[in-house]
Amino acid sequence: RAGQDATFSVSAFANETIRGRVKEIRLAATTISNVVTYTVVVTVPNTRGRLLPGMTATLRIITDQRPDALRVPNAALRWRPAGAAGPGGAPASAQASAQASALTPIEQALADLPDLTAAQRQDIAAAQAEFRDRMAGLPADADARRSVAQAARQRLTARLNGVLTPDQRAQLAASRGRTGQAGTVWVRDEDNAPPRAVPVRIGLSDGSVTEVTGGDLVAGARVVVGSERTGAVAGTARRLF
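The sections below set out a description of the structure shown in this document. (Residues numbered from 1 in each chain as written. Predicted model: local features only at pLDDT ≥ 70, side-chain atom pairs only at ≥ 80, totals over all residues. Heavy atoms only, no water.)

## Side note on the pattern of salt bridges
Taken as a whole and assessed by the stated rule, the structure comprises nine salt bridges. Close ionic contact of aspartate 5 with arginine 21 constitutes a salt bridge, the shortest N to O distance being 3.1 Å. Of the two residues, aspartate 5 sits in strand E1 (residues 5–10) while arginine 21 sits in strand E2 (residues 18–25), which places them 16 residues apart along the sequence. Taking relative accessible area as the criterion, aspartate 5 reaches 35% and is therefore assigned partly exposed. Residue arginine 134 is joined to glutamate 130 by a salt bridge in which the shortest nitrogen-to-oxygen separation is 3.5 Å. With a gap of four residues between them, arginine 134 and glutamate 130 both fall in helix H4 (residues 118–136), about one helical turn apart. A single network of salt bridges, built from pairs that share partners, joins Glu130, Arg134, Arg155 and Arg159. (Salt bridge = Lys/Arg side-chain N within 4 Å of Asp/Glu carboxyl O. Helix = DSSP H or I, 4+ residues; strand = E, 2+ residues; numbered from the N terminus. Buried < 20%, exposed > 50% of the residue type's maximum accessible area, 1.4 Å probe, protein only.)

Here it is in C-alpha coordinates:
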(Lines give C-alpha, C1' and ligand atoms only; values in the text may rest on other atoms or scores of the structure.)
Protein backbone atom coordinates (compact mmCIF):
# COMPACT_ATOMS: atom_id res chain seq x y z
CA ARG A 1 0.00 0.00 0.00
CA ALA A 2 1.08 3.59 -0.46
CA GLY A 3 3.08 4.75 2.54
CA GLN A 4 4.70 1.39 3.33
CA ASP A 5 8.43 1.41 4.04
CA ALA A 6 10.74 -0.34 1.61
CA THR A 7 14.42 -1.29 1.52
CA PHE A 8 16.41 -2.30 -1.52
CA SER A 9 19.87 -2.72 -2.95
CA VAL A 10 21.35 -2.39 -6.43
CA SER A 11 24.27 -4.33 -7.87
CA ALA A 12 26.46 -1.24 -8.11
CA PHE A 13 26.23 -0.78 -4.33
CA ALA A 14 25.52 -4.36 -3.25
CA ASN A 15 26.59 -3.85 0.36
CA GLU A 16 24.46 -0.77 0.89
CA THR A 17 20.82 -0.85 2.03
CA ILE A 18 18.76 1.96 0.54
CA ARG A 19 15.51 3.00 2.22
CA GLY A 20 12.44 4.39 0.53
CA ARG A 21 8.66 4.48 0.73
CA VAL A 22 5.88 3.21 -1.53
CA LYS A 23 4.35 6.16 -3.39
CA GLU A 24 1.80 4.51 -5.66
CA ILE A 25 0.65 1.25 -7.23
CA ARG A 26 -0.11 1.74 -10.90
CA LEU A 27 -3.25 0.02 -12.19
CA ALA A 28 -1.91 -0.85 -15.67
CA ALA A 29 -1.20 -4.56 -15.23
CA THR A 30 1.23 -6.65 -17.28
CA THR A 31 0.56 -10.36 -17.86
CA ILE A 32 3.46 -12.70 -18.68
CA SER A 33 2.99 -16.50 -18.64
CA ASN A 34 -0.36 -16.05 -16.84
CA VAL A 35 1.33 -14.05 -14.05
CA VAL A 36 -0.20 -10.60 -13.51
CA THR A 37 2.13 -7.90 -12.17
CA TYR A 38 1.69 -4.25 -11.29
CA THR A 39 4.31 -1.51 -11.25
CA VAL A 40 4.98 -0.12 -7.78
CA VAL A 41 6.64 3.30 -7.48
CA VAL A 42 8.99 3.74 -4.52
CA THR A 43 10.37 7.17 -3.65
CA VAL A 44 13.91 7.44 -2.30
CA PRO A 45 16.34 10.34 -1.80
CA ASN A 46 18.94 10.43 -4.59
CA THR A 47 20.77 13.63 -3.75
CA ARG A 48 24.14 12.25 -4.89
CA GLY A 49 22.71 11.03 -8.19
CA ARG A 50 24.08 7.50 -7.79
CA LEU A 51 20.79 5.75 -8.62
CA LEU A 52 20.43 5.71 -12.41
CA PRO A 53 17.57 4.68 -14.75
CA GLY A 54 17.60 0.99 -15.62
CA MET A 55 19.36 -0.29 -12.49
CA THR A 56 18.08 -3.63 -11.22
CA ALA A 57 16.95 -3.45 -7.60
CA THR A 58 16.35 -6.24 -5.10
CA LEU A 59 13.57 -4.87 -2.94
CA ARG A 60 11.71 -5.73 0.27
CA ILE A 61 8.48 -4.00 1.29
CA ILE A 62 7.43 -4.11 4.95
CA THR A 63 3.73 -4.99 4.81
CA ASP A 64 3.30 -5.62 8.54
CA GLN A 65 5.40 -5.95 11.66
CA ARG A 66 5.20 -7.00 15.31
CA PRO A 67 7.27 -5.10 17.90
CA ASP A 68 7.33 -8.01 20.39
CA ALA A 69 6.58 -11.44 18.94
CA LEU A 70 7.28 -15.00 19.98
CA ARG A 71 8.79 -16.66 16.91
CA VAL A 72 9.99 -20.08 15.77
CA PRO A 73 12.10 -21.20 12.80
CA ASN A 74 9.91 -22.20 9.85
CA ALA A 75 11.66 -25.58 9.82
CA ALA A 76 10.12 -26.29 13.24
CA LEU A 77 6.64 -26.00 11.72
CA ARG A 78 7.53 -28.47 8.95
CA TRP A 79 9.38 -31.16 10.92
CA ARG A 80 7.59 -34.32 12.00
CA PRO A 81 8.97 -37.54 13.53
CA ALA A 82 8.59 -40.54 11.24
CA GLY A 83 5.14 -42.06 11.75
CA ALA A 84 4.25 -39.57 14.47
CA ALA A 85 0.70 -38.61 15.32
CA GLY A 86 -0.37 -35.01 15.87
CA PRO A 87 -2.02 -33.70 19.02
CA GLY A 88 -5.41 -34.99 17.92
CA GLY A 89 -4.17 -38.54 17.42
CA ALA A 90 -4.20 -38.46 13.62
CA PRO A 91 -0.99 -38.95 11.65
CA ALA A 92 0.87 -35.66 11.46
CA SER A 93 0.83 -35.49 7.65
CA ALA A 94 -2.89 -36.19 7.50
CA GLN A 95 -3.58 -33.68 10.24
CA ALA A 96 -1.57 -30.98 8.49
CA SER A 97 -3.51 -31.60 5.27
CA ALA A 98 -6.80 -31.45 7.13
CA GLN A 99 -5.85 -28.21 8.83
CA ALA A 100 -4.81 -26.61 5.58
CA SER A 101 -7.84 -27.79 3.63
CA ALA A 102 -10.31 -26.84 6.38
CA LEU A 103 -9.27 -23.22 6.10
CA THR A 104 -10.90 -22.48 9.46
CA PRO A 105 -8.93 -19.32 10.34
CA ILE A 106 -9.69 -17.63 7.02
CA GLU A 107 -13.32 -18.71 7.10
CA GLN A 108 -13.62 -17.35 10.62
CA ALA A 109 -12.01 -14.07 9.57
CA LEU A 110 -14.36 -13.79 6.59
CA ALA A 111 -17.33 -14.49 8.87
CA ASP A 112 -16.33 -11.43 10.89
CA LEU A 113 -16.89 -9.20 7.86
CA PRO A 114 -20.43 -7.80 8.29
CA ASP A 115 -20.96 -6.18 4.90
CA LEU A 116 -20.30 -8.92 2.34
CA THR A 117 -22.75 -8.91 -0.56
CA ALA A 118 -24.36 -12.05 -1.96
CA ALA A 119 -22.13 -11.84 -5.04
CA GLN A 120 -19.02 -11.52 -2.88
CA ARG A 121 -20.03 -14.55 -0.79
CA GLN A 122 -20.54 -16.58 -3.96
CA ASP A 123 -17.11 -15.62 -5.32
CA ILE A 124 -15.46 -16.32 -1.95
CA ALA A 125 -17.08 -19.76 -1.78
CA ALA A 126 -15.78 -20.55 -5.27
CA ALA A 127 -12.25 -19.44 -4.29
CA GLN A 128 -12.32 -21.59 -1.16
CA ALA A 129 -13.59 -24.60 -3.13
CA GLU A 130 -10.72 -24.20 -5.61
CA PHE A 131 -8.25 -23.96 -2.71
CA ARG A 132 -9.57 -27.16 -1.13
CA ASP A 133 -9.33 -29.01 -4.45
CA ARG A 134 -5.70 -27.92 -4.82
CA MET A 135 -4.84 -28.92 -1.26
CA ALA A 136 -6.54 -32.29 -1.67
CA GLY A 137 -4.26 -33.09 -4.61
CA LEU A 138 -0.92 -32.24 -2.96
CA PRO A 139 2.00 -34.38 -4.22
CA ALA A 140 3.77 -36.81 -1.90
CA ASP A 141 7.21 -35.21 -2.26
CA ALA A 142 7.75 -32.80 0.66
CA ASP A 143 9.40 -30.00 -1.37
CA ALA A 144 6.83 -30.22 -4.14
CA ARG A 145 4.08 -30.35 -1.53
CA ARG A 146 5.23 -27.10 0.08
CA SER A 147 5.57 -25.41 -3.32
CA VAL A 148 2.09 -26.42 -4.47
CA ALA A 149 0.54 -25.50 -1.11
CA GLN A 150 2.20 -22.08 -1.18
CA ALA A 151 0.97 -21.48 -4.74
CA ALA A 152 -2.55 -22.50 -3.67
CA ARG A 153 -2.50 -20.05 -0.76
CA GLN A 154 -1.19 -17.27 -2.99
CA ARG A 155 -3.92 -18.01 -5.53
CA LEU A 156 -6.57 -17.90 -2.79
CA THR A 157 -5.21 -14.61 -1.46
CA ALA A 158 -5.20 -13.10 -4.95
CA ARG A 159 -8.80 -14.16 -5.55
CA LEU A 160 -9.94 -12.80 -2.19
CA ASN A 161 -8.15 -9.51 -2.85
CA GLY A 162 -10.00 -9.27 -6.16
CA VAL A 163 -13.38 -9.79 -4.49
CA LEU A 164 -13.06 -7.63 -1.37
CA THR A 165 -13.01 -3.86 -1.13
CA PRO A 166 -9.91 -2.12 0.33
CA ASP A 167 -11.70 -1.64 3.67
CA GLN A 168 -12.76 -5.29 3.74
CA ARG A 169 -9.21 -6.44 2.95
CA ALA A 170 -7.92 -4.38 5.87
CA GLN A 171 -10.56 -5.88 8.19
CA LEU A 172 -9.70 -9.39 6.99
CA ALA A 173 -5.98 -8.86 7.60
CA ALA A 174 -6.65 -7.55 11.10
CA SER A 175 -8.98 -10.45 11.92
CA ARG A 176 -6.57 -13.08 10.58
CA GLY A 177 -3.80 -11.51 12.63
CA ARG A 178 -5.90 -12.11 15.76
CA THR A 179 -6.89 -15.71 14.98
CA GLY A 180 -3.79 -17.08 13.23
CA GLN A 181 -3.47 -20.38 11.41
CA ALA A 182 -3.16 -23.78 13.06
CA GLY A 183 0.26 -25.42 13.27
CA THR A 184 2.29 -27.89 15.29
CA VAL A 185 5.84 -27.77 16.62
CA TRP A 186 7.73 -30.56 18.35
CA VAL A 187 9.49 -29.70 21.59
CA ARG A 188 12.29 -31.63 23.31
CA ASP A 189 12.22 -30.88 27.04
CA GLU A 190 15.42 -32.82 27.86
CA ASP A 191 18.32 -34.16 25.82
CA ASN A 192 17.22 -37.80 26.02
CA ALA A 193 13.46 -37.20 26.10
CA PRO A 194 11.36 -37.94 23.00
CA PRO A 195 9.92 -34.85 21.30
CA ARG A 196 6.33 -33.97 22.10
CA ALA A 197 3.84 -32.20 19.85
CA VAL A 198 2.66 -28.72 20.82
CA PRO A 199 -0.24 -27.17 18.86
CA VAL A 200 0.17 -23.47 18.11
CA ARG A 201 -1.49 -20.65 16.20
CA ILE A 202 0.82 -18.87 13.78
CA GLY A 203 0.78 -15.41 12.23
CA LEU A 204 3.32 -13.35 10.30
CA SER A 205 6.32 -14.91 8.61
CA ASP A 206 9.33 -13.40 6.85
CA GLY A 207 10.21 -16.69 5.14
CA SER A 208 12.70 -17.74 7.80
CA VAL A 209 10.85 -17.40 11.10
CA THR A 210 7.14 -17.31 11.93
CA GLU A 211 5.21 -15.51 14.65
CA VAL A 212 3.39 -17.64 17.24
CA THR A 213 0.11 -15.97 18.23
CA GLY A 214 -1.34 -18.66 20.48
CA GLY A 215 -0.86 -22.09 22.03
CA ASP A 216 1.27 -23.48 24.84
CA LEU A 217 4.71 -22.73 23.36
CA VAL A 218 6.87 -20.50 25.57
CA ALA A 219 9.99 -18.45 24.88
CA GLY A 220 13.12 -20.57 25.33
CA ALA A 221 11.46 -23.88 24.45
CA ARG A 222 13.71 -26.21 22.43
CA VAL A 223 11.86 -26.86 19.17
CA VAL A 224 13.01 -29.57 16.78
CA VAL A 225 13.96 -28.31 13.31
CA GLY A 226 15.54 -31.43 11.76
CA SER A 227 17.00 -34.88 12.30
CA GLU A 228 20.49 -36.34 12.11
CA ARG A 229 21.65 -39.93 12.32
CA THR A 230 22.40 -39.56 16.01
CA GLY A 231 19.26 -37.66 16.97
CA ALA A 232 17.31 -34.47 16.55
CA VAL A 233 18.63 -30.96 16.07
CA ALA A 234 16.97 -28.39 18.32
CA GLY A 235 16.33 -24.73 17.70
CA THR A 236 14.94 -22.23 20.18
CA ALA A 237 11.72 -20.22 20.36
CA ARG A 238 12.76 -16.61 20.79
CA ARG A 239 11.24 -13.21 21.20
CA LEU A 240 11.72 -10.67 18.44
CA PHE A 241 12.20 -7.09 19.64
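That shown, we press on.
## A short note on the layout of surface pockets
Put simply, the second largest pocket is a space of about 270 Å³. Every residue along the wall of the second largest pocket is listed here: Phe8, Val10, Val40, Val41, Val42, Val44, Leu51, Leu52, Met55, Ala57 and Leu59. Counting residues per element, the ones that place at least two in the lining of the second largest pocket are E1, strand E5 (40–43) and strand E6 (57–61). For the lining of the second largest pocket, the leading source of residues is E5, giving three residues. Classifying every residue of the lining of the second largest pocket by side-chain character gives 11 nonpolar, no polar and no charged. (1 Å grid on protein atoms, 1.4 Å probe; cavity = no way out; pocket = protein on both sides within 12 Å on 5 of 7 lines; lining within 4 Å. Points joined across faces, edges and corners; volume = space filled by probe spheres on them. Nonpolar A, V, L, I, M, F, W, Y, C, P; charged D, E, K, R; others polar.)

## Observations concerning the side chain of arginine 188
Looking at the element boundaries, arginine 188 is found in the loop between strand E8 (181–187) and strand E9 (196–205). At a separation of 2.9 Å, a polar atom in the side chain of arginine 188 contacts the main-chain carbonyl oxygen of alanine 193. (Polar contact = N/O pair within 3.5 Å; in protein donor to acceptor, adjacent residues only side chain to side chain.)

## Some thoughts on the packing of aromatic side chains
Inspection of every chain in the model, using the stated rule, returns one aromatic pair. A centroid spacing of 6.4 Å and a plane angle of 80° characterise the contact between tryptophan 79 and tryptophan 186, whose relative ring orientation is edge-to-face. Of this pair, tryptophan 79 sits in the loop between helix H1 (74–78) and helix H2 (92–102) while tryptophan 186 is found in strand E8, placing the two residues 107 residues apart along the sequence. Among the residues examined, tryptophan 79 registers a relative accessible area of 13% and is labelled buried. (Phe/Tyr/Trp six-rings, centres within 6.5 Å; stacked < 30°, edge-to-face > 60°.)

## With respect to a nonpolar patch on the surface
Judged by side-chain polarity, Ile25, Val36, Tyr38, Val40, Leu59 and Ile61 come together as a nonpolar surface patch covering roughly 490 Å² of accessible area. Within the fold, tyrosine 38 resides in the loop between strand E4 (35–37) and E5. The class for tyrosine 38 is partly exposed, based on a relative accessible area of 47%. (Patch = residues over 30% accessible without salt bridge, like charges linked within 9 Å, V, L, I, M, F, W, Y side chains within 5 Å. Areas by Shrake-Rupley, 256 points an atom, 1.4 Å probe, with all protein chains shown as cover.)

## Topic: the packing of H4 against helix H5 (residues 142–163)
Look at H4 against H5: their axes get within 10 Å of each other, and the N-to-C directions meet at 175°. On the basis of the axis angle, H4 is roughly antiparallel to H5. Only Ala149, Ala152, Arg153, Arg155, Leu156, Arg159, Leu160 and Val163 of H5 make contact with H4, whose side of the interface consists of Gln120, Asp123, Ile124, Ala126, Ala127, Gln128, Glu130, Phe131, Arg134 and Met135. Residue composition of the contact of H4 with H5, grouped by class: 10 nonpolar, two polar and six charged. (Axes fitted to C-alpha atoms, helices over the stretch in contact; angles between N-to-C directions. Parallel < 35°, antiparallel > 145°, perpendicular 65-115°, else oblique. Contact = heavy atoms within 4.5 Å.)

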